[in-house]
Amino acid sequence: MFSAGNLLLIRNFELNSGITKDKFLIVIAEINESTKIVASFTTSQAYINQSDIKPGCIKTETKHCYHFPKGKVISDCGFSFRKDTFVFLFHNVIDFDIQILQAKYPHNEIEVMCKLSDDEYCDLLYCVYNGPFVSKKVKRTIEPIIESLVNKIESRDHNNS
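All figures in this text were calculated on a predicted structure; none of them were measured in a lab. (Residues numbered from 1 in each chain as written. Predicted model: local features only at pLDDT ≥ 70, side-chain atom pairs only at ≥ 80, totals over all residues. Heavy atoms only, no water.)

*Asks:* How would you summarise the overall build of the protein chain if you had to cite specific residues and measurements?
*Replies:* A count of helices and strands for the protein chain gives three helices and eight strands. Mapped from its N terminus to its C terminus, the protein chain presents α and β elements in the order β-β-β-β-β-β-β-α-β-α-α. Against the compact-globule benchmark of 15 Å for 161 residues, the protein chain has a radius of gyration of 16 Å, which places it among compact chains. Expressed along its principal axes, the backbone C-alpha trace of the protein chain runs to roughly 50 × 40 × 35 Å. Looking at the protein chain residue by residue over its 161 residues, the buried ones come to 42%. Roughly 9200 Å² of accessible area belongs to the protein chain as shown, and the carbon and sulfur atoms make up 48% of that amount. (Helix = DSSP H or I, 4+ residues; strand = E, 2+ residues; numbered from the N terminus. Rg over C-alpha atoms; globule rule 2.2 N^0.38 Å. Buried < 20%, exposed > 50% of the residue type's maximum accessible area, 1.4 Å probe, protein only. Areas by Shrake-Rupley, 256 points an atom, 1.4 Å probe, with all protein chains shown as cover.)

Take a look at the structure:
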């Protein structure tokens, strides 16, 4: 469930305001022998100028995010978001303790929606990696994942040509 590249839906997630709503969480990487994950929540709120919005990684002077356009298939199983969806990469890439998540949200409240396709996951990781506010610890964690994905994608593309 908490594997790198998985998109999870947490039902009745409690926001800081105390309000609960369903939230998507992307597992960016696994750390500490699968007891912790690096992950980020998504939002359909575009906290960015409309003129700056494009698919994939967006970097402006004040914003750094990854954009999943509505309707774009992002997994091998055909999953796509119903709305434009963003992962903001300033302070939103954080460590989560899996046991705490599981205790707060029972198994039936966390659902694996899909595993991102290799291309989409690699693009997201590269965007995270190039983030000016992403910690060195996170960057070191995802470096070998990016390298492995790039090799896998290049091998796949070479075999298909």
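*Asks:* So what about helix α2 (residues 118-129)? Which residues, and what values?
*Replies:* Relative to the 16 Å expected for 12 residues at 1.5 Å per residue, α2 spans 16 Å between its end C-alpha atoms, a close match to the ideal helical length. Of the positions making up α2, those classed as buried are Asp-118, Glu-120, Tyr-121, Cys-122, Leu-124, Leu-125, Cys-127 and Val-128. (Expected span 1.5 Å × (residues − 1).)

*Asks:* I'd like a description of the nonpolar core, backed by residues and values.
*Replies:* The biggest cluster of nonpolar side chains holds 29 residues, and the ones touching the most others in it are Ile-26, Ile-28, Phe-68 and Val-128. The next biggest cluster of nonpolar side chains, apart from the first, holds 14 residues, and it includes Leu-8, Leu-25, Phe-41 and Leu-101. (Core = buried A, V, L, I, M, F, W, Y, C linked by side-chain atoms within 4.5 Å.)

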